[in-house]
Amino acid sequence: MLIFISNLDRFIPNRSAMDMDFAHYMLTEGKKAKEENALACSPSSQAYRMQLADALNINRSRILAFKNKPPVPVELIPRQHISSANLQPKPIKPCRHIPQSPESAFEVSDLPGDSFLNLLDWGSSNVLAIALGRIVYLWDASNDSTSELVTMDDEISHVTSVNWAPDGRRIAVGLNNSEVQLWDSSSKTLLRKLKGGHRSRVGALAWNNHVLTTGGMDGQVINNDVRIRSHIVDTYRGHHGEVCGLKWSPSGQQLASGGNDNLVHIWDRSVASSTQWLHRLEDHTSTVRALAWCPFQENLLATGGGVGDRCIKFWNTHTGACFNSVDTGSEVCSLLWNKHEWELLSSHGFIENQVTGNQVTENHLTLWKYPSMVKMAELTNHTSIVRYMTRSPDGCKVATAARDGVLNFWNVFGVPEVAKAAPKAKQEPFSNFARIR
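The structure displayed is predicted, hence computed values, not measured ones.

J.: What exactly am I supposed to notice about the overall build of the protein here?
T.: A count of helical and extended segments in the protein gives three helices and 32 strands. A buried classification covers 46% of the 437 residues belonging to the protein. Across the protein, contacts joining residues at least 24 apart in sequence account for 49% of those joining residues at least 6 apart. About 23100 Å² of surface is accessible on the protein, with carbon and sulfur atoms providing 51% of the total.

Right, here's the structure in full:
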């Protein structure tokens, strides 16, 4: 057998298939003896010797020997004992259809365009909350009802963040005056106020069981135990700009915080220090608001940078290493993992013109296949920056809100095969708002 090597001028013979002694004899004495015998022997003797050599398999003239073809593989299990179902080729999973338009779209007024706020969240009880100016609205997807949770007083100015507790009943509301309020969504009653932690507005919130973590313009990240009177249990100091993104890992062990200082910090609950982070991630070159923990891999974190960065980066939070970075071409505003497939959804905003230096907007959603980061779809229904994005509790639908004053509902992640059910009547959220398409 010859093994050919690309772009080289030699071969490697299969020496195990050669008779090296016979080859040496043929190269030296064998040829000479053969010529002498041919002269001395009669034609009949030569014919007899050739037949004898063929019979004894010694009539070889080649020095190099090629290996025979490999034997036919033996079937360990006879085909008659294998069921016909097992012999059928494995069916190819059909490609999922990704609708290019939202299922429904509604006009919402007074939606701020501030890139550091978090004004949209979908709770585990299938109720979506959106803050519009001083008012927090709730839409219950189970019965298609819309209600007003609270209208803040004039001196508060406006709501800066909303986030549902894991029980799906309590909701935290961050305010422009550094205060955080905790509300019961069923009874529409104020449960308590969290004061004294921040010195300015609270634009980021994240729950971890009974602990509510808050991030403010003052750069502080505070853990509040809502069960006790003295609610402040930890204060993390590492950002020197506004904290605009907070996400706890699925296990609740690690916290990721992003800010307009271009930094991402990883905090670990086992580290009892108010100043020491587990990792400081400094690879981004612009504001980091988009944070998303992978639901399938505990230590995998995706982060998205602002207009000066444009990248989605992937981190191993055990080591603090960035193992992949993808330039999306525009500002990354939000990130969401698909709970059922290895897919990542990103929303986008500004892009800087490399020639003029002016900023234009992309205004789209991009669905990526992970880990190849191949684009599966681009959804371009919005006409302005897609600042806010949240996922339904079943992980199938996504709601987005943009500066164009439009709230869209997308069936971008689809329904997994095991969870598919009979189709239900189409529900229309926010029926008391003006429908635009």
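J.: How should I be thinking about the side chain of Asn363 in this particular structure?
T.: In this structure, Asn363 sits in the loop between strand 27 (359-361) and strand 28 (365-369). Taking the relative accessible area as the measure of exposure, Asn363 reaches 8% and is therefore buried. From its side chain, Asn363 meets the backbone oxygen of Thr383 in a polar contact 3.4 Å long. In terms of polar contacts, Asn363 uses its side chain to reach the backbone amide nitrogen of Ile385, at 3.2 Å. In this structure, Asn363 is in contact with His348, Gly349, Leu379, Thr380, His382, Thr383, Ser384, Ile385 and Val386, ignoring residues within four places of it in sequence.

J.: I would appreciate a short explanation of the environment of His97 in the present structure.
T.: As for its placement among the helices and strands, His97 is situated in the loop between helix 3 (84-87) and strand 3 (104-107). Take His97: its relative accessible area is 66%, and that puts it in the exposed class. With 314 residues separating them along the chain, His97 and Asn411 place their C-alpha atoms 9.8 Å apart.

J.: Is there a simple way to explain the pairing of strand 18 (residues 264-268) in this structure?
T.: Regular strands place side chains that alternate from one sheet face to the opposite one. In terms of burial, strand 18 is a largely internal element, five of the five residues being buried. Of the two faces of strand 18, both are covered, the one formed by Val264, Ile266 and Asp268 as well as the one formed by His265 and Trp267. Of the strand pairs in this sheet, strand 17 (residues 254-259) and strand 18 are connected by five bridges, and their pairing is antiparallel. When the sheet's bridge partners are listed, Gly258 is paired in strand 18 with Val264. What sits between the antiparallel neighbours strand 17 and strand 18 is a turn of four residues, in which Asn262 has the positive phi angle 70°. Of the pairings in the sheet, the one linking strand 18 to strand 19 (residues 279-281) comprises three bridges and is antiparallel in character. If you follow Val264 over to strand 19, its bridge partner there is Leu281.

J.: Could you clarify how one ought to interpret the packing of aromatic side chains in this entry?
T.: To describe a pair of aromatic rings, you give the distance between the ring centres and the angle between the ring planes. Evaluated as defined, the whole model comprises 11 aromatic pairs. Ring geometry for Trp139 and Phe409: centres 5.4 Å apart, planes at 65°, overall edge-to-face. Of the two residues, Trp139 sits in strand 6 (residues 135-140) while Phe409 sits in strand 32 (residues 406-410), which places them 270 residues apart along the sequence. For the pair Trp139 and Phe409, one class covers both residues: buried. Centroid distance Trp342 to Tyr370: 5.8 Å. Interplanar angle 20°. Geometry classified as stacked. Taken together, the residues Trp342 in the loop between strand 24 (332-337) and strand 25 (343-348) and Tyr370 in the loop between strand 28 and strand 29 (374-379) connect sequence positions 28 residues apart.

J.: Just checking my understanding: could you explain unusual backbone geometry for this structure?
T.: Across residues other than glycine, the phi torsion is negative in most instances, and most of the peptide bonds are trans. Cis geometry marks the peptide bond from Tyr370 to Pro371; its omega dihedral reads 10°. Turning to its location among the elements, Pro371 is positioned in the loop between strand 28 and strand 29. The backbone of Asp110 shows a phi angle near 65°, a positive value even though the residue is not glycine. For Asp110, a relative accessible area of 59% puts it in the exposed group. Located in the positive-phi region is Met373, a residue other than glycine, with phi close to 55°. With respect to the helices and strands, the residue Met373 is situated in the loop between strand 28 and strand 29. Looking at Met373, the relative accessible area reads 9%, which means it is buried.

J.: Looking at this model, I keep getting lost on the sheet that holds strand 15 (residues 232-237). Mind explaining?
T.: Pairing between the strands of a sheet comes from backbone hydrogen bonds, and it takes one of two forms, parallel or antiparallel. Within the open sheet, the four strands sit side by side as 12-13-14-15. Their pairing is antiparallel. The sheet terminates laterally at strand 12 (202-208) and strand 15, the two strands that pair on one side only. Neighbour-to-neighbour, the strand axes of the sheet open up by a mean angle of 20°, direction not taken into account. By the bridge criterion, six bridges tie strand 12 to strand 13 (residues 211-216) in an arrangement that is antiparallel. Directly across from Trp207, in strand 13, lies its bridge partner Leu212.

J.: Mind showing me how you'd approach the sheet that holds strand 22 (residues 311-316) here?
T.: Strand order in the open sheet formed by four strands is 20-21-22-23, with antiparallel pairing between adjacent strands. One side of each edge strand has no neighbouring strand; the edge strands of this open sheet are strand 20 (288-293) and strand 23 (321-327). Between one strand axis and the next, the sheet turns by 20° as a mean value, whatever way the strands run. The sheet contact formed by strand 21 (residues 300-305) and strand 22 spans five bridges and is antiparallel. Within strand 22, the position partnered with Leu300 by the bridge is Asn316.

What counts, and at which threshold
Residues numbered from 1 in each chain as written. Predicted model: local features only at pLDDT ≥ 70, side-chain atom pairs only at ≥ 80, totals over all residues. Heavy atoms only, no water. Helix = DSSP H or I, 4+ residues; strand = E, 2+ residues; numbered from the N terminus. Buried < 20%, exposed > 50% of the residue type's maximum accessible area, 1.4 Å probe, protein only. Contact = heavy atoms within 4.5 Å. Areas by Shrake-Rupley, 256 points an atom, 1.4 Å probe, with all protein chains shown as cover. Polar contact = N/O pair within 3.5 Å; in protein donor to acceptor, adjacent residues only side chain to side chain. Pairing = 2+ DSSP bridges. Phe/Tyr/Trp six-rings, centres within 6.5 Å; stacked < 30°, edge-to-face > 60°. Axes fitted to C-alpha atoms, helices over the stretch in contact; angles between N-to-C directions.

Honestly, that's just the spatial picture; any functional story needs more than this.
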